[in-house]
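# Notes for the structure review
The lines below spell out each chain.
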Amino acid sequence: MARMHRREFITLLGGAAIVLPRPAAGQQHFTIGLLNTGASTVFVGPFMAKLEELGYREGKNVVLDRRFAEGSTERLNEFAADLVRKRVDVIVTLGTPAAFAAKKATSTIPIVLGAISDPVGVGVVASLARPGGNATGNSLMAPELSAKRLEILRALAPGISRFAILWDSSNPGMAARVHETKIAADQSHVFLHVVGPRNIDELEAAFTELLNLHPDALLVTTETFTRQHLARILDFANRNKIPAMFEDSSYVDAGGLMSYGPDYQEVFRTAAVFVDKILKGAKPADLPIQQPTKFQLVINLRTATALGIEIPPTLLTMADRVIE
């Protein structure tokens with residue numbers, strides 16, 4: 001009879017309750033909150049693949065609570081607060097704003113920084129070696145990358161010396177990246193013009209500004225804003241025959257000329273390793289921040305042909321992947 005009453009109770013709840021599979025005897029059940037600044041799901045695949053290698057199965061011993069804010073700070077704060085109310089076991093963040101939202105929402109639930117540009121510089125952690133507090137994870141900062149991107153672009157043709165960088169100036173995580181690029185430009189004795197649009201109107205104004213300048217090449221940072229407006233950015237650069245360098249190969253898959261940056265698949269897999277360690281009892285404060293060790297050069301030959309650019313054989317030899 002007690003069993004009958006329980007069934008009737010669940011039936012009355014209708015769709016309001018989700019009954020999860022009961023874990024096997026002795027098996028723990030964890031909930032992971034995924035807090036994404038943007039809307040891209042590119043990180044979920046490699047993250048989940050690594051979790052499965054480590055013994056976690058969604059719906060069996062782990063539940064993923066996915067939250068995608070699509071660039072809205074207000075939604076990020078709401079999502080972070082909700083994950084804390086649900087008492088998830090760990091929060092994985094993607095992007096600097098998501099990290100801020102998670103840190104604001106909790107000082108006790110472990111936070112894994114799945115991808116953030118400069119966690120020390122923006123104050124999310126105390127240092128790379130000793131993060132302190134409740135957050136650890138990946139830092140995408142690698143000072144030599146900015147100089148390398150300029151070097152690769154200069155190899156396209158002799159005389160390239162006027163560069164521009166496009167970034168979202170409302171994103172504090174990218175400020176250090178732009179600063180590094182300025183330093184690299186000064187050391188290379190080349191001109192660098194900075195445009196930092198924060199919304200669509202400012203982006204269109206930035207395009208006009210760039211048209212007047214007509215740089216030899218354009219660098220574009222990887223962040224929610226540029227991903228949201230990638231089609232516009234690609235159309236502008238390609239239509240005006242401006243070679244563009246990106247940080248993420250997915251931008252090149254979409255039609256960009258080239259990218260040089262971390263192997264993001266590996267970055268997201270590393271985030272899963274952090275999650276595993278924390279779920280097994282490690283404290284974020286004791287886990288040093290990891291920096292990328294694998295970098296990839298990807299070149300889109302179709303785009304190069306459309307731009308009228310012949311990629312030097314030396315760059316093609318350096319490339320990890322060539323899109324033909």
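Before going into details, it helps to say that this report is about the structure given with it. (Residues numbered from 1 in each chain as written. Predicted model: local features only at pLDDT ≥ 70, side-chain atom pairs only at ≥ 80, totals over all residues. Heavy atoms only, no water.)

## Details of the overall build of the protein
- A tally of regular secondary structure across the protein gives 13 helices and twelve strands.
- Along the three orthogonal principal directions, the C-alpha set of the protein runs to about 85 × 40 × 35 Å.
- Looking at the protein as a whole, 50% of its 324 residues are labelled buried.
- Counted over contacts in the protein with a minimum sequence separation of 6, partners at least 24 positions apart contribute 70%.
- A total of about 15500 Å² of accessible surface is found on the protein, and carbon and sulfur atoms cover 52% of it.
- With 34 positive and 33 negative side-chain charges, the protein shows a spacing of 8 Å between the two charge centroids. (Helix = DSSP H or I, 4+ residues; strand = E, 2+ residues; numbered from the N terminus. Buried < 20%, exposed > 50% of the residue type's maximum accessible area, 1.4 Å probe, protein only. Contact = heavy atoms within 4.5 Å. Areas by Shrake-Rupley, 256 points an atom, 1.4 Å probe, with all protein chains shown as cover. Lys, Arg positive; Asp, Glu negative; His and termini not counted. Charge placed at Lys NZ, Arg CZ, Asp CG, Glu CD.)

## What to know about the side chain of Asn134
- Looking at the secondary structure, you find Asn134 in the loop between strand 4 (111-115) and strand 5 (135-137).
- The exposure class of Asn134 is buried, given its relative accessible area of 5%.
- There is a polar contact of 3.1 Å between the side chain of Asn134 and the side chain of Lys103.
- Other than its neighbours up to four places away in sequence, Asn134 contacts Lys103, Thr106, Ser107, Thr108, Ile109, Pro110, Ile111 and Pro284. (Polar contact = N/O pair within 3.5 Å; in protein donor to acceptor, adjacent residues only side chain to side chain.)

## Here's the deal with the sheet that holds strand 1 (residues 30-36)
- Strand order in this open sheet of five strands is 2-1-3-4-5, and the pairing throughout is parallel. Edge positions in the sheet fall to strand 2 (62-68) and strand 5, since each of these pairs with one other strand and no more. Recorded for the sheet is a direction-independent mean angle of 25° between the axes of neighbouring strands.
- Of the strand pairs in this sheet, strand 3 (residues 90-94) and strand 4 are connected by four bridges, and their pairing is parallel. Paired with Ile91 across the two strands is Ile111, which belongs to strand 4.
- Each of strand 1, strand 2 and strand 3 is contacted by helix 2 (residues 44-53), which is oriented at about 165° to strand 2, the strand it contacts most.
- Packed onto the sheet, helix 4 (residues 96-105) meets strand 1, strand 3, strand 4 and strand 5 and runs at close to 150° relative to strand 3. (Pairing = 2+ DSSP bridges. Axes fitted to C-alpha atoms, helices over the stretch in contact; angles between N-to-C directions.)

## A short note on the pattern of salt bridges
- Counted by the stated rule, this structure contains 17 salt bridges.
- A salt bridge links Glu53 to Lys50; the shortest N-O distance between them is 3.3 Å. With Glu53 and Lys50 both in helix 2 and three residues apart, the pair spans about one turn of that helix.
- When its relative accessible area of 17% is taken as the criterion, Lys50 is described as buried.
- One salt bridge connects Glu58 with Arg66, and the closest N-O pair in it is separated by 2.9 Å.
- Where salt bridges share partners, they join Asp65, Arg67, Asp82, Arg85 and Lys86 into one cluster. (Salt bridge = Lys/Arg side-chain N within 4 Å of Asp/Glu carboxyl O.)

## Concerning the packing of aromatic side chains
- Using the criterion set out here, one finds seven aromatic pairs in the structure.
- Arranged with centres 5.9 Å apart and planes meeting at 65°, the rings of Phe43 and Phe268 form a pair that is edge-to-face. Of the two residues, Phe43 is situated in the loop between strand 1 and helix 2 and Phe268 in helix 11 (residues 264-279); the sequence distance between them amounts to 225 residues. Accessibility assignment for this pair places Phe43 and Phe268 in one class, buried.
- Between Tyr264 and Phe268, the aromatic rings sit 6.1 Å apart at their centres with planes inclined by 40°, giving tilted as the arrangement. Here Tyr264 pairs with Phe268, and both are found in helix 11, just four residues apart, close to one helical turn. (Phe/Tyr/Trp six-rings, centres within 6.5 Å; stacked < 30°, edge-to-face > 60°.)

## Digging into the side chain of Asn300
- Within the secondary structure, Asn300 is located in strand 11 (residues 295-300).
- For Asn300, a relative accessible area of 2% corresponds to the buried category.
- Among the polar contacts made by the side chain of Asn300, one reaches the main-chain amide nitrogen of Thr303 at a distance of 3.1 Å.
- In this structure, Asn300 is in contact with Val252, Gly255, Gly256, Leu257 and Ile323, ignoring residues within four places of it in sequence.

## Structural notes on helix 7 (residues 200-213)
- The end-to-end C-alpha distance of helix 7 is 20 Å, a good match for the 20 Å that 14 residues give at a rise of 1.5 Å each.
- Residues of helix 7 that are buried: Leu203, Ala206, Phe207, Leu210 and Leu213. All buried residues of helix 7 lie within an arc of 125° about the axis, which places them on one face of the element. More than 90 degrees from the buried face of helix 7, the exposed residues found are Asp201 and Asn212.
- Taken together, the buried residues of helix 7 touch strand 6 (162-166), strand 7 (191-195), strand 8 (217-220), helix 8 (224-228) and helix 9 (230-239).
- Here helix 7 starts with a cap whose side-chain oxygen sits 3.2 Å from the backbone nitrogen of Asp201, and that cap is Asn199.
- Backbone geometry just after helix 7 places His214 at a positive phi near 45°. (Expected span 1.5 Å × (residues − 1). Arc of directions from axis to C-beta.)

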